[in-house]
Amino acid sequence: MKILNSVADVKTYISTIKALGRSIGFVPTMGALHEGHLSLIIRAHEDNDITVASIFVNPIQFNNKTDLAKYPRPIEKDIQKLEEIGCDMLFYPTVEEMYPEPVFDKYDFGQLDKVMEGKFRPGHFNGVAVVVRRLFDIVTPDKAYFGMKDYQQLRIIQTMVSTLKLPIEIIPCPIIREKDGLALSSRNVRLTKKQRSIAPAIFKVLSEIKDNARKTTVEEAENWAISKLNKYDEMFVEYLSIVDSETLLPIKDWDSTRSCLACVAVFLGEVRLIDNVMIF
Ligand code: PAF
């Protein structure tokens, strides 16, 4: 696998690939790679001639300095995993390489970035949009792969690509879970043994919302789930919302003609986890 650190080197590599008429699949990451990321690389590898990954812990998408400082960065292990899985090129830039000048770019996603994560992490999605746009400009992939665990991020990137008319196909990929249901996340390694044993309750409760949809009102389902999760030691629900899967606006009534999903962010001690389950 080629490991490149500079934008200029990536552009040269990509132009050689394009000159050969080869397709490029791209998986942007912040490293601390787990099976979820690797499933995206495998999918990109199946669909394209060349698979490119990036590892960049993007400071401007963190609104919490401790979260940024504590973000795991096991680069040697990450490189080994990418090599084993057959990734062709890794872009691993420094902050100075990605942001040589102060960043003033502003994106407006309307309601999409005001709810859920957008409400509790102000500026987060602007930081995501800035970095993904820059990565897309550098790598110019045919297809880019994003996990559905970060569902709101996926919707924002889909919107950015369609608004800017970027010639990139966004491929949503399913959430990968541990056997006990916990969604894979780079933050899971920060859970204590006790927190780790409680964490599967998140998926269990979301699945119960799905199984019992329409038996109560939407509001009752949300309140039931919030109080159930808040009963666990060290667990605190930041938000739990049943939302339209396109607009991400909270739904008021079950309406099977529109697809909806239950989304949650919880703190388990200091660790913030998100998850979601598609209801229909
Ligand atoms: O999902 C992530 O890991 C990040 O938000 C992304 C898309 C790599 C942008 O930094």
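Further up the page is the structure itself.
Predicted model, so just to flag it, every value in this text is computed and none were measured.

Points about the pattern of salt bridges
Taken as a whole, this structure holds 17 salt bridges when the rule is applied. Here R121 and E117 are joined by a salt bridge, their closest N and O atoms 3.6 Å apart. Like E117, R121 is buried. For R272, the salt bridge is made with E117, and the minimal N-O distance between the two is 2.8 Å. You can see R272 sitting in strand β9 (residues 271-278) and its partner E117 sitting in helix α6 (residues 117-120), a full 155 residues away along the chain. This pair shows no difference in class: R272 is buried, exactly as E117 is. Overlapping salt bridges, with partners in common, bring together E117, R121, E238 and R272 in one network.

With respect to the packing of aromatic side chains
Taken as a whole and judged by the stated rule, the model has 7 aromatic pairs. Judged by centre distance (6.3 Å) and plane angle (70°), the ring pair of F26 and F136 falls under edge-to-face. With F26 in strand β2 (residues 24-29) and F136 in helix α7 (residues 124-139), the pair connects residues that are 110 residues apart, well separated along the chain. Each member of the pair, F26 as well as F136, is classed as buried. These aromatic residues form a ring-pair network of at least three members: F26, F136 and F146.

About the cut-offs
Residues numbered from 1 in each chain as written. Predicted model: local features only at pLDDT ≥ 70, side-chain atom pairs only at ≥ 80, totals over all residues. Heavy atoms only, no water. Salt bridge = Lys/Arg side-chain N within 4 Å of Asp/Glu carboxyl O. Buried < 20%, exposed > 50% of the residue type's maximum accessible area, 1.4 Å probe, protein only. Helix = DSSP H or I, 4+ residues; strand = E, 2+ residues; numbered from the N terminus. Phe/Tyr/Trp six-rings, centres within 6.5 Å; stacked < 30°, edge-to-face > 60°.

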